[in-house]
Amino acid sequence: MSSTDSILQVSGISLSFKGVKAINELSFDVRRGEICALIGPNGAGKSSLLNVLNGVYRFDAGSIVFEQQPFKRIDPLTAARRGIGRTFQNNALFKKMSVIDNILTGLSRHLRSGFIEQALNLPRARREAEDFRRQAQGILEFLELQAHRDVPVGKLSYGLQKRVELGRALIAGPSLLLLDEPMAGMNAEEKQEMARFIADINRDLGTTVVLIEHDMSVVMGLSDHVVVLDYGRKVGDGTPAEVQANPDVIAAYLGVVH
Ligand SMILES: Nc1ncnc2c1ncn2[C@@H]1O[C@H](COP(=O)(O)OP(=O)(O)OP(=O)(O)O)[C@@H](O)[C@H]1O
């Protein structure tokens with residue numbers, strides 16, 4: 001793979017918490033336009049890795065190149081501005097706010113008008129607000145959430161709430177979308193729907209996706225590329241079929257109940 005094919009190059013990164021190596025000399029590439037799944041037993045370092053990739057944690061060693069630009073001291077705001085979107089394991093939506101207003105919170109980092117302009121509802125702030133609502137409307141349609149537009153998020157089913165969270169990450173137009181267990185806690189039907197939306201985002205919007213998922217049938221059906229972690233180290237990297245046949249991966253999973 002040439003370097004222009006890859007959107008993300010992780011080279012030899014390590015991260016420790018008081019002597020615990022959460023990530024240990026990890027290297028892998030994510031190809032532009034692919035869906036890459038991160039799998040591995042509990043505590044393998046998957047969430048820590050997503051936290052490194054969107055600037056929540058700072059890695060101790062190694063290097064990361066995103067969109068041909070190195071990043072060392074990136075923070076979540078800069079990561080978002082550079083095109084890295086993220087959802088979390090436990091969603092952090094505003095339960096009393098409507099679906100559309102929750103989705104709009106995903107744009108607050110992109111405001112061009114200042115606080116005073118917004119408070120006084122000056123023309124630039126007004127135009128910006130209209131622009132943002134149009135974008136949110138587009139996301140609602142894409143994720144088939146129009147019927148729930150004005151409903152407080154807390155009144156929606158769990159599966160729909162997770163879809164709103166996806167919309168909130170999507171409205172900022174990320175080129176790389178990091179999803180931390182997007183199907184956790186869902187029933188089979190909700191999982192299938194979420195998998196369909198992730199595939200649609202990837203195909204129709206061209207968004208590269210890196211996701212953490214425990215359900216192997218979802219991973220195998222949805223991803224182009226699978227990276228397997230165990231104790232912070234990479235133990236497998238390839239297509240779903242390659243990874244499934246890898247003896248090290250089988251060993252890492254033996255006896256592990258997910
Ligand atoms: N903020 C933190 N402080 C201290 N230790 C941490 C912190 N975050 C993660 N760890 C440790 O780093 C290791 C990797 O944890 P991490 O949550 O990244 O694993 P994971 O693969 O995402 O697990 P899970 O599937 O359970 O979410 C674990 O030993 C964990 O206890």
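Residues numbered from 1 in each chain as written. Predicted model: local features only at pLDDT ≥ 70, side-chain atom pairs only at ≥ 80, totals over all residues. Heavy atoms only, no water.

- Looking at an unreviewed UniProt entry, one finds the protein named ABC transporter ATP-binding protein, with Pseudomonas lini as its source organism.

## Brief notes about the overall build of the protein
Point 1. Of regular secondary structure, the protein possesses 10 helices and 10 strands.
Point 2. Classification of the 258 residues of the protein by burial places 49% in the buried group.
Point 3. With an accessible surface of roughly 12,400 Å², the protein has 52% of that area assigned to carbon and sulfur atoms. (Helix = DSSP H or I, 4+ residues; strand = E, 2+ residues; numbered from the N terminus. Buried < 20%, exposed > 50% of the residue type's maximum accessible area, 1.4 Å probe, protein only. Areas by Shrake-Rupley, 256 points an atom, 1.4 Å probe, with all protein chains shown as cover.)

## Describing the sheet that holds strand S7 (residues 176–180)
Point 1. The sheet built from six strands is open, its strands ordered S6-S7-S8-S3-S9-S10 with mixed pairing. If you trace the sheet from one side to the other, it starts and ends with strand S6 (84–87) and strand S10 (233–238), each paired once. Mean inter-strand twist for the sheet, computed between neighbouring axes without regard to direction, equals 15 degrees.
Point 2. With four bridges joining them, S6 and S7 adopt parallel strand pairing. Residue Thr87 lies in a different strand from S7, and its bridge partner there is Leu179.
Point 3. Lying on the sheet, helix H1 (residues 46–53) is in contact with strand S3 (35–39), S6, S7, strand S8 (208–212) and strand S9 (225–230); it crosses S7 at an angle near 150 degrees. (Pairing = 2+ DSSP bridges. Axes fitted to C-alpha atoms, helices over the stretch in contact; angles between N-to-C directions. Contact = heavy atoms within 4.5 Å.)

## Description of H1
Point 1. For H1, the tally of buried residues reaches seven of eight residues, placing the bulk of the element in the interior.
Point 2. Three or more residues of H1 are buried, namely Lys46, Ser48, Leu49, Leu50, Asn51, Val52 and Leu53.

## Describing the pattern of salt bridges
Point 1. Inspection of the entire model under this criterion finds 12 salt bridges.
Point 2. One salt bridge connects Asp101 with Arg133, and the closest N-O pair in it is separated by 3.9 Å. Linking Asp101 in helix H3 (residues 99–104) with Arg133 in helix H5 (residues 123–142), this pair joins segments that are 32 residues apart in sequence. (Salt bridge = Lys/Arg side-chain N within 4 Å of Asp/Glu carboxyl O.)

## Notes on the site of the ligand
Point 1. In the neighbourhood of the ligand, 14 residues make up the surrounding shell, with Gly43, Gly45, Lys46, Ser47 and Ser48 lying closest.
Point 2. Measuring from an oxygen atom of the ligand, one finds a backbone N or O atom of Ala44 at 3.0 Å.
Point 3. Within the side chain of Ser48, one N or O atom sits 2.6 Å away from an oxygen atom of the ligand.
Point 4. Protein contacts shield 62% of the accessible area of the ligand, which totals 630 Å² for the unbound molecule. (Near = heavy atom within 4 Å. Polar contact = N/O pair within 3.5 Å; in protein donor to acceptor, adjacent residues only side chain to side chain.)

## Remarks on helix H7 (residues 188–205)
Point 1. The end-to-end C-alpha separation of H7 is 25 Å, in line with the 26 Å expected for 18 residues at 1.5 Å each.
Point 2. Among the residues of H7, those classed as buried are Glu190, Met194, Ala195, Phe197, Ile198, Asp200, Ile201 and Asn202. (Expected span 1.5 Å × (residues − 1).)

## Concerning the pairing of strand S2 (residues 20–31)
Point 1. Pairing between strand S1 (residues 6–17) and S2: eight bridges, direction antiparallel. Residue pairing in the sheet places Val10 in a bridge with Phe28 of S2.
Point 2. Between the antiparallel neighbours S1 and S2 lie two residues, among them Lys18 with a positive phi of about 40 degrees.

## Quick notes on the pairing of S10
Point 1. Looking at chain direction, S9 and S10 are connected through five bridges and run antiparallel. Residue pairing across strands places Leu229 opposite Lys234, the latter belonging to S10.
Point 2. Counted along the chain from S9 to the antiparallel partner S10, the turn is two residues long, and its residue Tyr231 has a positive phi close to 50 degrees.

## So, the environment of Leu93
Point 1. Here Leu93 lies in the loop between S6 and H3.
Point 2. Distance from Leu93 to Thr105, taken between C-alpha atoms, is 9.3 Å for residues 12 residues apart in sequence.
Point 3. If we skip the residues at most four places from it in the chain, Leu93 touches Asn102, Val153, Gln161, Val164, Glu165 and Arg168.

## With respect to unusual backbone geometry
Point 1. One non-glycine residue, Glu25, lies in positive phi territory at about 45 degrees.
Point 2. Within the fold, Glu25 resides in strand S2.
Point 3. Glu25 gets classed as exposed once you look at its relative accessible area, which sits at 54%.
Point 4. Phi angles above zero are rare outside glycine, and Tyr231 is one such case at about 50 degrees.
Point 5. Here Tyr231 lies in the loop between S9 and S10.
Point 6. The class for Tyr231 is exposed, based on a relative accessible area of 69%.

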